[in-house]
Amino acid sequence: MIKFVNVSKKFSDGTEAIKGIDIEIPEGKLVALIGPSGCGKTTTMKMINKLITPTAGKIFINGEDITAKNEVELRRNIGYVIQRIGLLPHMTIEENISLVPRLKGWKKEKYQSRVNELLELVGLEPDVFKTRYPLELSGGQQQRVGVVRALAAEPPIILMDEPFSALDPISREQLQDELKDLQKKIHKTIVFVTHDMDEALKIADEIVVMRDGKIEQIATPDELLRNPANEFVHTFIGEDRINQGISNRRVMDIMISLHQTDKLERDLAIISFDSTITEAAKQLIRQNVDKLAVVRNEETIGIITKEEVLYFVAGMRREEGSSC
Ligand SMILES: Nc1ncnc2c1ncn2[C@@H]1O[C@H](COP(=O)(O)OP(=O)(O)O)[C@@H](O)[C@H]1O
Ligand SMILES: [Mg+2]
């Protein structure tokens, strides 16, 4: 179990990134840290493997205060997966995966069979992939290797900082499913940082919602959806879920439907029902109007307003701009 007791972090430039947090991460569970960019997720995670030292409070792993622990030794027992993988380009996939086992002094036979086993676990044929170099793999394949590399030396704890966020949506979904299946077999203690609420809801046993260096709520996905602790959590869940897939949303999805009896203002600029919301935004700006008539087969079927569009476009920007 990982336990944070009243932990704070103030960086040398004065930034108070973490303001007195308490978290208990149970053994064998996958716990997601989620919150807006800059809320302190990465800082929290890096304090577990001592890439960052707290300025106050204590962190315990299985009851042992990590302050006194040797960091190299500590990190060998903690797998770490980051967004842009960090596979070593001049090493083959086999060499990459077996790196920590070799540092730990495993015999050749043992680490070789471990590499085969791990590659199979994520659907990469060992004979095909072992001898390849990272750049000879797709992004999704590289990230699978990144994940199994973190598992190679069988660390009891694995830290994953937005490991799938640079992937295309299909690979991301696949890797989420694979991680979920994998976790059913390996039961590791996994700390998973994400800014994607759907991802957290899908894979986590527990979710820690953070804001501005503090914790707003710790709950299971079900509890979180049912009982958001406050307005912030409520809005965060809501916004994020509304934002999902916004780039592909069509004006049909947000238009106000017209009934045959409704009177339509004359001379409204028009937009086709199958246009995207982004296109609607461009029309509104180009024509400098507040409303557009939504047409289908030359018939007006609804109205779309600037207010509605701005709301969605703002959401979209947040989604595409978030890089935490
Ligand atoms: N090395 C650093 N020095 C100063 N400020 C930092 C440093 N690292 C992170 N911060 C600041 O601490 C806050 C939390 O950052 P971070 O933990 O990376 O957030 P998140 O991962 O949630 O996006 C941010 O305001 C960030 O700018
Ligand atoms: Mg981060």
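Quick caveat: nothing in here was measured; it's all calculated off a predicted structure.

*Asks:* Describe the overall build of the protein chain, naming the residues involved and giving the relevant values.
*Replies:* Along the backbone of the protein chain there are 14 helices and 14 strands. With respect to the principal axes defined by its C-alpha atoms, the protein chain has extents near 80 × 50 × 35 Å. Of all 324 residues assigned to the protein chain, the portion counted as buried reaches 44%. In the protein chain, of all internal contacts separated by at least 6 residues, the share reaching a separation of at least 24 is 65%. Carbon together with sulfur atoms contributes 48% to the accessible area of the protein chain, which is approximately 17,000 Å² in total. Looking at the protein chain, you have 44 positive and 50 negative side-chain charges, and the mean spots of the two groups are 4 Å apart.

*Asks:* So what's going on with the pattern of salt bridges? Residues and values would help.
*Replies:* Under the counting rule described, the total for this entry stands at 13 salt bridges. Across the pair Glu71 and Arg75 runs a salt bridge, and its minimum N-O distance is 3.6 Å. With Glu71 and Arg75 both in helix 2 (residues 71-76) and 4 residues apart, this pair spans about one turn of that helix. The partner of Arg114 in a salt bridge is Glu154, and the shortest N-O contact between them spans 3.8 Å. Of this pair, Arg114 sits in helix 5 (residues 108-121) while Glu154 sits in the loop between helix 7 (139-151) and strand 7 (157-161), and the two are 40 residues apart along the sequence. Given a relative accessible area of 46%, Glu154 falls into the partly exposed group.

*Asks:* Would you mind going over the packing of helix 7 against helix 8 (residues 169-186) in detail, with residue names and values included?
*Replies:* Where helix 7 contacts helix 8, the two axes come as close as 11 Å, and the packing angle between them is 20 degrees. Our classification of the angle between helix 7 and helix 8 gives roughly parallel. Crossing handedness for the pair helix 7 and helix 8: right-handed. Mapping the contact onto sequence places Gly140, Gln143, Arg144, Val147 and Leu151 in helix 7 and Gln174, Leu175, Glu178, Leu182 and Ile186 in helix 8. A per-class count over the contact of helix 7 with helix 8 returns 5 nonpolar, 3 polar and 2 charged.

*Asks:* Tell me what's going on with the domain arrangement of the protein chain, and back it up with residues and numbers.
*Replies:* Domain boundaries in the protein chain define domain 1 (2-243) and domain 2 (247-321). Taking only C-alpha atoms, the centre of domain 1 and the centre of domain 2 are 41 Å apart.

What counts and what doesn't
Residues numbered from 1 in each chain as written. Chains lettered and ligands numbered in written order. Predicted model: local features only at pLDDT ≥ 70, side-chain atom pairs only at ≥ 80, totals over all residues. Heavy atoms only, no water. Helix = DSSP H or I, 4+ residues; strand = E, 2+ residues; numbered from the N terminus. Buried < 20%, exposed > 50% of the residue type's maximum accessible area, 1.4 Å probe, protein only. Contact = heavy atoms within 4.5 Å. Areas by Shrake-Rupley, 256 points an atom, 1.4 Å probe, with all protein chains shown as cover. Lys, Arg positive; Asp, Glu negative; His and termini not counted. Charge placed at Lys NZ, Arg CZ, Asp CG, Glu CD. Salt bridge = Lys/Arg side-chain N within 4 Å of Asp/Glu carboxyl O. Axes fitted to C-alpha atoms, helices over the stretch in contact; angles between N-to-C directions. Parallel < 35°, antiparallel > 145°, perpendicular 65-115°, else oblique. Left-handed = near helix turned anticlockwise from the far one by under 90°. Nonpolar A, V, L, I, M, F, W, Y, C, P; charged D, E, K, R; others polar. Domains from an automatic or database assignment.

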